Amino acid sequence: MRASYTEYHPRWLRRRKSTYWWLERVSYLAFILRELSSVFVVWTVAFLLLLVHAVSQGDNSYRQFLSWSASTPVLLLNLTSLLFVVFHAATWFRLAPQAMVVHVRGRRLPGAWIAASNYLAWALATALVAWLLLGD
Amino acid sequence: MAKRSFEPLLWLLFSAGGVLAALLAPILLLLFGVAFPLGWLSPPGHEHLLELLRHPLARVFLFGFCTLSLVHGAHRFRYTLYDGLQIKHLNEFVNLVCYGGAIVGSAVAAHLLWRVA
């Protein structure tokens, strides 16, 4: 065991925590599931890049991409990813008041306002993307 | 000490990527991953998408989205392994795979977006 395993901590009296500590409580599990959303964010980027690639290759490969994305494994993966990505978004915006301290005329804006403005930005971004993609 | 100065930058990129992923990933995945494949909505035609992708702003924006989301994912996954599975003895390897993967992914994104003609 090297000392660099635990940076900035001397190895004195540290009780071993179970590897499965996140199964002990629902809130711990929610935390680790939120952290795992990172994997599905990365998959979303990969999926989008496959779409960009297919579109740039022409109409045929775009159609192939569409039928590939309708196959059961890809669909299941995307449904799972959607749940995780929405979980990420909801928790991210809910935590925004903790990360952003906004003062207006010397008074701190209430957290609910900041969270609400973040959710509003989410709704606007969603509407913009839907309009760009679906509006002809 | 020189090593520590990287952390704030990583957290900044993590946050930027977190915001972009939260704003855009759900709707993009809902449309292309679920709604179009299940036939809830009809997908946009090839011409329409190509027209959108040809716009330089769209490509710059998509590149930013991809890069920052990948860094966000890498940074968070690194800490998932660190906290969740307590993989601390492989720190350097994990960092290399996570951030290295994000850099390679960004390069692939730049290449693919650049090639859209």
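Counting restarts for each chain: residues are numbered from 1 in the order of the written sequence. Chain A is the first chain written and ligand 1 is the first ligand written, with later ones labelled in order. Side-chain atom pairs in this predicted model are given and counted only at pLDDT of 80 or more, local residue features only at pLDDT of at least 70, and totals for whole chains, interfaces and linings cover all residues.

### As for the interface of chain B and chain A
- Counting residues at the interface gives 47 residues for chain B and 48 residues for chain A.
- A run of DSSP states H or I qualifies as a helix once it reaches four residues; a run of E qualifies as a strand once it reaches two. Both are numbered from the N-terminal end. Where the side of chain B that touches chain A is concerned, the elements lending two or more residues are α1 (6-35), α2 (46-54), α3 (56-84) and α4 (91-115) of chain B.
- Looking at the side of chain B that touches chain A, the element that brings in the most residues is α1(B), giving 15 residues.
- Across the side of chain B that touches chain A, the residue classes break down as 32 nonpolar, 12 polar and 3 charged. Residue pairs qualify as contacts under a 7 Å threshold applied to their C-beta atoms, which are placed from the backbone. Polarity classes work like this: nonpolar for Ala, Val, Leu, Ile, Met, Phe, Trp, Tyr, Cys and Pro, charged for Asp, Glu, Lys and Arg, and polar for all others, with Gly in that last group.

### Comments concerning α3(B)
- Multiply 1.5 Å by the residue count of a helix minus one, and that product is the helix's expected span. Over its 29 residues, α3(B) extends 41 Å from the first C-alpha to the last, a length consistent with the 42 Å expected when each residue adds 1.5 Å.
- Two residues or fewer after α3(B) comes B:Q86, characterised by a positive phi angle close to 55 degrees.

### Things to note about the environment of A:Q57
- Checked against the element boundaries, A:Q57 lands in helix α1 (residues 26-57).
- For A:Q57 and A:A127, which are 70 residues apart along the polypeptide, the C-alpha to C-alpha distance reads 28 Å.

### What about the domain arrangement of chain A?
- Domain start and stop points were drawn from an automatic or database domain assignment. Split into domains, chain A comes out as domain 1 (3-96) and domain 2 (100-136).
- Each partner contributes residues to the interface: domain 1 of chain A has 4 residues there, and domain 2 of chain A has 6 residues.

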